[in-house]
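Residue-level listing of the chains:
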Amino acid sequence: MEKSLESKLLQILEIKKLEDKAPAKEDEPFAEKYEARKKYKQILEDIAQAKEEGDDPKFLKAVLLASIARTHFDTDENHDAGVRCKKSLEMFSKIEDPLLLFRGINWVGLMLNYLGFHAVFGERFYEGILLLDSAEKIYWAVKAAVKKDPSGDWNDLASRKLERKLYLDSVHIREESKALIGEYVKGELLAKLLSHARTV
């Protein structure tokens, strides 16, 4: 499904451009967000109907759920955003291929960040701080990788080995953070991120 995966990821990137457009009408500030969400959901439905097995469809579902979550946050639908974030992380946790899992590292960080803000807004401050702390660690890991190799193509599978090494070198996730995040992903996602990387 490699070609199909890449074509759908390009499709998602094109929808993101629509999502980021300035509102065409002042009295409909979220029209582009709603339209983008509709398109994301359509791709999600297409993948579900295809009933394909393996990590590629799981990866696409995780990315699409994260994209939908982002539109919910942008339109102040925080409850729905939180639900989608958790589903996205749960889907990422089911991916077995370490190359694909690490390819989604930015999305994992984004979802943890959103959930952290959601917790803080709900006055669950300790939970929020731990989630934001983990998201920040992922952010610095990615930033360090880009700084070391600014020309690197993060969509190139050849760069995955470097990505894993830089991730392990840069990120030290606290035990309490792992336990807390485990509430959302059953403790599997971060464990996989670490255990897969150590096998390389």
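If you're wondering where the values come from, they're calculated on a predicted model, not measured in any experiment. (Residues numbered from 1 in each chain as written. Predicted model: local features only at pLDDT ≥ 70, side-chain atom pairs only at ≥ 80, totals over all residues. Heavy atoms only, no water.)

### Re the side chain of Arg-37
Position of Arg-37 relative to the elements: it lies in helix H2 (residues 31-50). Among the polar contacts listed, one links the side chain of Arg-37 to the side chain of His-72, at a separation of 3.4 Å. Side chain to side chain, Arg-37 and Glu-77 meet in a polar contact 2.6 Å long. Filtering out sequence-adjacent residues up to four positions away, Arg-37 remains in contact with Ile-68, Thr-71, His-72, Thr-75 and Glu-77. (Helix = DSSP H or I, 4+ residues; strand = E, 2+ residues; numbered from the N terminus. Polar contact = N/O pair within 3.5 Å; in protein donor to acceptor, adjacent residues only side chain to side chain. Contact = heavy atoms within 4.5 Å.)

### A short note on the nonpolar core
Counting 38 residues, the largest nonpolar core has Ile-12, Phe-59 and Phe-92 as its most contacted members. Among the elements that make up this core, the one with the highest residue count is helix H3 (residues 55-74) (10 residues). Each residue touching Phe-59, except ones within four places of it in the same chain, is listed here: Leu-5, Leu-9, Phe-92, Ile-95, Leu-100, Arg-103 and Gly-104. (Core = buried A, V, L, I, M, F, W, Y, C linked by side-chain atoms within 4.5 Å. Buried < 20%, exposed > 50% of the residue type's maximum accessible area, 1.4 Å probe, protein only.)

### Considerations on the environment of Lys-87
Within the secondary structure layout, Lys-87 lies in helix H4 (residues 78-93). What makes Lys-87 partly exposed here is its relative accessible area of 41%. For the pair Lys-87 and Ala-69, spaced 18 residues apart in sequence, the C-alpha separation works out to 9.5 Å.

### Some remarks on the packing of H4 against helix H6 (residues 105-121)
One way to put it is that H4 packs onto H6 with a least axis distance of 9 Å and a crossing angle of 145°. Crossing hand, H4 versus H6: left-handed. On the side of H4, the interface is formed by Asn-78, His-79, Gly-82, Cys-85, Lys-86, Ser-88, Leu-89 and Phe-92, while H6 contributes Trp-107, Val-108, Met-111, Leu-112, Tyr-114, Leu-115 and His-118. Of the residues contributing to the contact of H4 with H6, the split by class is nine nonpolar, five polar and one charged. (Axes fitted to C-alpha atoms, helices over the stretch in contact; angles between N-to-C directions. Left-handed = near helix turned anticlockwise from the far one by under 90°. Nonpolar A, V, L, I, M, F, W, Y, C, P; charged D, E, K, R; others polar.)

### Examining the pattern of salt bridges
The tally for this structure, following the rule as stated, stands at six salt bridges. When the shortest N-O distance is used, the salt bridge between Lys-17 and Glu-14 registers 3.0 Å. Taken together, the residues span about one helical turn, with Lys-17 and Glu-14 both in helix H1 (residues 2-19) at a distance of three residues. As a salt-bridge pair, Lys-33 and Asp-74 come within 3.4 Å of each other at their nearest N and O atoms. On the criterion of sequence distance, the pair formed by Lys-33 in helix H2 and Asp-74 in helix H3 is long-range, its members being 41 residues apart. Judged by its relative accessible area of 31%, Asp-74 is partly exposed. (Salt bridge = Lys/Arg side-chain N within 4 Å of Asp/Glu carboxyl O.)

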